Amino acid sequence: AVDPIEPARLKISKYAAVLGRHGDRYGGKGLKLSVEMIQAVASDTLRQSDPQLWAEAKNAEGIGRLGLGRRLPGEQGAKLVEDSVACFRAALRYQPQANQPIKWAQIKCNLATALRIQGRSTSEPKGSLLLAEAGSAFRSVLQVITRANDPVNWSLFQNNFANALMDQGRRVYGPDGAQLMAEAVSVYRATLEVTTRVSHPVIWAKNQNNLAIALHEQGSRTDGPQDVKLLAKAANLYRSILEVFTQADHPMHWASAQNNLGNALRDQGSRTDGLE
């Protein structure tokens, strides 16, 4: 009754967030309802009276649209992902890095994630441009979320950055593609210095799997004796993953790692001479 913006604030930060989390976890109409609730309050009037709250609303709308887009097939899903990118870009215009760098970094990370998803489903040459922009966005986030001030989130964002580099490398042939894979390997290695097997065994295994895939990709793109060494490293990493992802405790992850190990050994064998 005192603050005319309070109803909008409650809908953006509480009610829509609850709906979105429910829809994200259980499916149903939660995500769609959360987006509709936010759209109803994210007006020009709100933007003029409280730009940062409006930016928070557009960020929340983008998260909802991205969640919906990942669930729907074909053009409908692609359009929702594209709309989420537009929402995150709009939010960043009213959430400057200088004012609240952590909030800015969170929105920027959401933009990078949406760009990566959009890029992976987009044909060339636009797909590579979107993936490159996603990588650049993750780089800028990592200038704010550092290993020193927030090691856990830094590790998460590093892993996402490496994923974007690897996706980009898969689209690029020749030395440029190999260089992107090598950079992804370096970033994954840095991530594993924080999310260790002792402190975060499941996350460690997932990140270790990403590193192994990157080494496998790098080895497949490399000529000469170095290719076999890279493939052997990938195989050894898959073996270490299987010590955490056991068939009894993590059957799906175990099966995936076993399959990846088999592929690495096959490729290593095809490039190895003699009886090695």
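Here, the structure is the one placed above.
Our subject in this report is the structure included herewith.

Quick word on the side chain of Asn59
Relative to the helices and strands, Asn59 resides in helix 4 (residues 51–71). Using a relative accessible area of 13% as the deciding quantity, one classes Asn59 as buried. The residues touching Asn59, leaving out its near neighbours within four places in the chain, are Phe88, Ala91, Ile107 and Asn110.

Points about the layout of surface pockets
Any space left empty among the atoms is revealed by the rolling of a water-sized probe across them. For the largest pocket, the calculated volume is near 520 Å³. Mapped onto the lining of the largest pocket, the elements with two or more residues apiece are helix 1 (6–26), helix 2 (30–41), helix 4 and helix 6 (101–120). The element best represented in the lining of the largest pocket is helix 4, accounting for nine residues. Among the residues forming the lining of the largest pocket, the class breakdown is nine nonpolar, eight polar and five charged.

Considering the packing of aromatic side chains
Scanning all chains against the criterion turns up one aromatic pair. Ring centres of Trp54 and Tyr94 lie 5.0 Å apart, and the angle between their planes is 75°; this geometry places the pair in the edge-to-face category. Pair noted here: Trp54 is in helix 4 and Tyr94 is in the loop between helix 5 (74–93) and helix 6, with a separation of 40 residues, a long-range link. Overall, Trp54 belongs to the buried group, its relative accessible area being 6%.

Digging into the pattern of salt bridges
Between side chains of opposite charge, a pair can form as their charged atoms come close. A full pass over the atoms with the stated rule returns 21 salt bridges. Linking Arg65 and Glu61 is a salt bridge whose minimum nitrogen-to-oxygen distance equals 2.9 Å. With Arg65 and Glu61 both in helix 4 and four residues apart, the pair spans about one turn of that helix. The class of Arg65 is buried, set by a relative accessible area of 13%. For Glu61, a relative accessible area of 5% translates into the label buried. Here the salt bridges share partners, and the residues they tie into one network are Lys58, Glu61, Arg65, Lys79 and Asp83.

Topic: the packing of helix 8 (residues 151–171) against helix 9 (residues 175–192)
The interhelical angle for the contact between helix 8 and helix 9, taken along N-to-C directions, is 165°, at an axis separation of 8 Å. Here helix 9 runs roughly antiparallel to helix 8, going by the angle between their axes. Taken as a pair, helix 8 and helix 9 cross one another with a handedness that is left-handed. Taking contact as the criterion, the partners of Trp154, Ser155, Gln158, Asn159, Phe161, Ala162, Asn163, Leu165, Met166, Gln168, Gly169 and Arg170 in helix 8 are, on helix 9, Gly177, Leu180, Met181, Glu183, Ala184, Val187, Tyr188, Ala190 and Thr191. Looking at the contact of helix 8 with helix 9 residue by residue, the classes come out as 11 nonpolar, eight polar and two charged.

A short note on the packing of helix 4 against helix 6
Remark: helix 4 packs on helix 6, axes separated minimally by 11 Å, with the N-to-C direction vectors making an angle of 25°. When the axis of helix 4 is compared with that of helix 6, the two are roughly parallel. Every pair of crossing elements has a handedness; the one defined by helix 4 and helix 6 is left-handed. Across the interface between the two elements, Glu56, Asn59, Ile63, Leu66 and Arg70 of helix 4 pack against Lys103, Ile107, Asn110, Thr113, Ala114 and Ile117 of helix 6. Residues belonging to the contact of helix 4 with helix 6 are distributed by class as follows: five nonpolar, three polar and three charged.

Examining the environment of Tyr26
With respect to the helices, strands and loops of the structure, Tyr26 is situated in helix 1. Residues Tyr26 and Glu124, 98 residues apart in the sequence, show an inter-C-alpha distance of 35 Å.

Scoring rules and cut-offs
- Residues numbered from 1 in each chain as written.
- Predicted model: local features only at pLDDT ≥ 70, side-chain atom pairs only at ≥ 80, totals over all residues.
- Heavy atoms only, no water.
- Helix = DSSP H or I, 4+ residues; strand = E, 2+ residues; numbered from the N terminus.
- Buried < 20%, exposed > 50% of the residue type's maximum accessible area, 1.4 Å probe, protein only.
- Contact = heavy atoms within 4.5 Å.
- 1 Å grid on protein atoms, 1.4 Å probe; cavity = no way out; pocket = protein on both sides within 12 Å on 5 of 7 lines; lining within 4 Å.
- Points joined across faces, edges and corners; volume = space filled by probe spheres on them.
- Nonpolar A, V, L, I, M, F, W, Y, C, P; charged D, E, K, R; others polar.
- Phe/Tyr/Trp six-rings, centres within 6.5 Å; stacked < 30°, edge-to-face > 60°.
- Salt bridge = Lys/Arg side-chain N within 4 Å of Asp/Glu carboxyl O.
- Axes fitted to C-alpha atoms, helices over the stretch in contact; angles between N-to-C directions.
- Parallel < 35°, antiparallel > 145°, perpendicular 65-115°, else oblique.
- Left-handed = near helix turned anticlockwise from the far one by under 90°.

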